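Examining the three-dimensional arrangement
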Amino acid sequence: YIVMSIVLYALLSARPPFAPTPLYAFINAAQKTIDMTMYALQDTTFSGYLVAACNRGVKVRVILDQNNEKSNDTPAYNQLNGVTNCSAVWANKAFQVTHQKSIIVDGTQVAIMSLNLQSQYFSTTRDFALIEADPVEYRPIQATFNADYAAGTPTSGVAGVSDYTYQPGTAADLIWSPTTAQAAMTAIITSAKSSLLVENEELASSASYIITALENACARGVTVHVAMVNQTSYQSNYRALENSGCGVHVYPDTQTGFCIYAKAVVADYGLPTQSVYMGSINYSNASMTQNRELGVYITDPAGVQ
């Protein structure tokens, strides 16, 4: 834990083998409330700890994706809705998916993550999570959660206050889809002066502006290193980056091997302007303009390192 004035950072790197013990401890320490938005919740240990929190009087509210993950999320959804003080809703169907992964505890700390709570993948995926206690960061996340929770229902999602007309709070370090992500994710590339270290699950042709920004960065002399899984649908984009002078390293696309699921970018490492993006936002147009997503900039030196 790195204590910096009013911010408590716990930057967690999920690497095989991994169990999210700090996240378990985070919710087990809750005294009043837990508000969680989660794309996929299949970790029965985690859902069991949520139930235990409800049983000790903590008010637990959970938003779960239904457009892609309803069948996988239904056991947790039913479990939570069967317990006093617990409540789960299906996310607003106005979004293509609700892919955000965040947990607010007691209205004073928030975990922002790239990872889903799926224990079957903890041993094979690269992911990150950040726990912090900066009110400038967690208050807009809380307000957006409240709006998104109100727009979900116990039976189906509806278009409501959290659809595309809702504007999440604009704390300087937060990146939201579908409102600010496209501009912010492009800017971290176009602003780089020296280097970009990129890990991402997706490199879709629909986000051609990202591919172009990376190509242009390489062409102007920025050292760009990209680490991903070798998915067939992205190979032409890998070649385009390499042809522009970027470095692309890939892992085999297998069901059981090491998988880069993280969405993280380190810009200008070692320079006074160094920064990191980390969160749920992928390099696809849907992720940046149609989903509910959340990412964060990290600038403290220890966090960047």
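Because the structure is a prediction, the values reported are computed rather than measured. (Residues numbered from 1 in each chain as written. Predicted model: local features only at pLDDT ≥ 70, side-chain atom pairs only at ≥ 80, totals over all residues. Heavy atoms only, no water.)

1. A few points about the state of the cysteines
So the rule is basically this: When two cysteine sulfur atoms are found within 2.5 Å, that pair is recorded as a disulfide. Secondary structure follows DSSP: runs of H or I at least 4 residues long count as helices, runs of E at least 2 residues long count as strands, and numbering of each begins at the N terminus. We call a residue buried when its accessible area falls under 20% of the maximum for its residue type, exposed when it is over 50%, and partly exposed in between, using a 1.4 Å probe and counting protein chains only.
Tallied over the entire structure, the rule returns two disulfides. Through a disulfide, Cys54 is tied to Cys86; the S-S separation comes to 1.8 Å. Disulfide Cys54-Cys86: torsion about the S-S bond near 100 degrees, hence right-handed. One end of the pair, Cys54, is in helix 2 (residues 44-55); the other, Cys86, is in strand 5 (residues 86-90), and 32 residues separate them in sequence. Side by side, Cys54 and Cys86 carry an identical accessibility label, which is buried.

2. As for helix 3 (residues 70-81)
Going by this rule: Directions from the helix axis toward the C-beta atoms define the arc.
Those residues of helix 3 not exposed but buried are Asp73, Ala76, Tyr77 and Leu80. Within helix 3, the buried residues cover an arc of 110 degrees as seen down the axis, which keeps them to one side. More than 90 degrees from the buried face of helix 3, the exposed residues found are Ser71 and Pro75.

3. Concerning the pairing of strand 6 (residues 101-105)
The criterion, for reference: Should DSSP find at least two bridges between two strands, the strands are regarded as paired.
Across the five residues that make up strand 6, a large majority, five, are buried. Of the two faces of strand 6, both are covered, the one formed by Lys101, Ile103 and Val105 as well as the one formed by Ser102 and Ile104. Note: strand 3 (residues 33-38) against strand 6, five bridges, orientation antiparallel. Bridge pairing links Met38 to Lys101 in strand 6. With four bridges joining them, strand 6 and strand 7 (residues 109-113) adopt antiparallel strand pairing. The residue bridging Ser102 from the neighbouring strand is Ile112, located in strand 7. Linking strand 6 to strand 7, which pair antiparallel, is a turn of three residues; within it Asp106 sits at a positive phi near 55 degrees.

4. Looking at the environment of Ala25
Summarising the element assignment, Ala25 is placed in helix 1 (residues 21-28). Given the relative accessible area of 45%, Ala25 is considered partly exposed. Separated by 24 residues in sequence, Ala25 and Tyr49 have C-alpha atoms that sit 9.5 Å apart.

5. A short note on the environment of Ala240
Among the structural elements, Ala240 can be located in helix 7 (residues 235-243). Accessibility expressed as a relative area gives 23% for Ala240, which makes it partly exposed.

6. Structural notes on the pairing of strand 11 (residues 223-229)
Under the convention used in this document: When the strands point away from the viewer and the path from the first strand over the helix to the second turns clockwise, the crossover is right-handed.
By the bridge criterion, five bridges tie strand 10 (residues 195-199) to strand 11 in an arrangement that is parallel. By the bridge assignment for strand 11, Leu196 is matched with Val224. In this view, the connection linking strand 10 to its parallel neighbour strand 11 by way of helix 6 (residues 208-219) has right-handed handedness. In terms of strand pairing, strand 11 meets strand 12 (residues 247-251) through five bridges, oriented parallel. Across the sheet, Val229 pairs through a bridge with Tyr251, a residue of strand 12. Between the parallel elements strand 11 and strand 12, the chain passes through helix 7 in a crossover that is right-handed.

7. Here's the deal with the sheet that holds strand 10
As a reminder, the rule being used: Convention adopted: a line fitted to C-alpha atoms gives each axis, helices being fitted over their contacting stretch, and angles between N-to-C directions are expressed from 0 to 180 degrees. Here, two residues are considered to be in contact whenever any of their heavy atoms come within 4.5 Å of each other.
Judged by pairing direction, the sheet is mixed, and its seven strands sit side by side in the order 9-16-15-14-10-11-12 without closing on themselves. The open sheet terminates on both sides in strands that have one partner only, identified here as strand 9 (174-177) and strand 12. Neighbour-to-neighbour, the strand axes of this sheet turn through a mean angle of 15 degrees, independent of strand direction. Contacts from helix 4 (residues 135-151) reach strand 9 and strand 16 (293-298), with the element oriented near 20 degrees to strand 9. On the sheet, helix 7 packs against strand 11 and strand 12 and is oriented at approximately 150 degrees with respect to strand 12.

8. Thoughts on the packing of aromatic side chains
Just so we agree on the cut-off: When two rings of Phe, Tyr or Trp (its six-membered ring) have centres within 6.5 Å they constitute a pair, described as stacked for plane angles under 30 degrees, edge-to-face for angles over 60, and tilted for the intermediate range.
By the definition in use, this model includes six aromatic pairs. Look at Tyr24 and Tyr49: their rings are 5.3 Å apart centre to centre, the planes differ by 70 degrees, and that puts the pair in the edge-to-face class. Of this pair, Tyr24 sits in helix 1 while Tyr49 sits in helix 2, placing them 25 residues apart in sequence. The class for Tyr24 is buried, based on a relative accessible area of 13%. Tyr49 sits in the partly exposed class, given a relative accessible area of 30%.

9. Structural notes on helix 6
Applicable threshold: Here the expected length of a helix is defined as 1.5 Å per residue gap, with one fewer gap than residues.
Taking 1.5 Å per residue, twelve residues should reach 16 Å; helix 6 reaches 16 Å between its end C-alpha atoms and fits that length. Among all positions in helix 6, only Tyr209, Ile210, Ile211, Ala213, Leu214, Ala217 and Cys218 are buried. Looking at the buried positions of helix 6, the neighbouring elements they touch are helix 5 (181-190), strand 10, strand 11, helix 7 and helix 8 (285-289).

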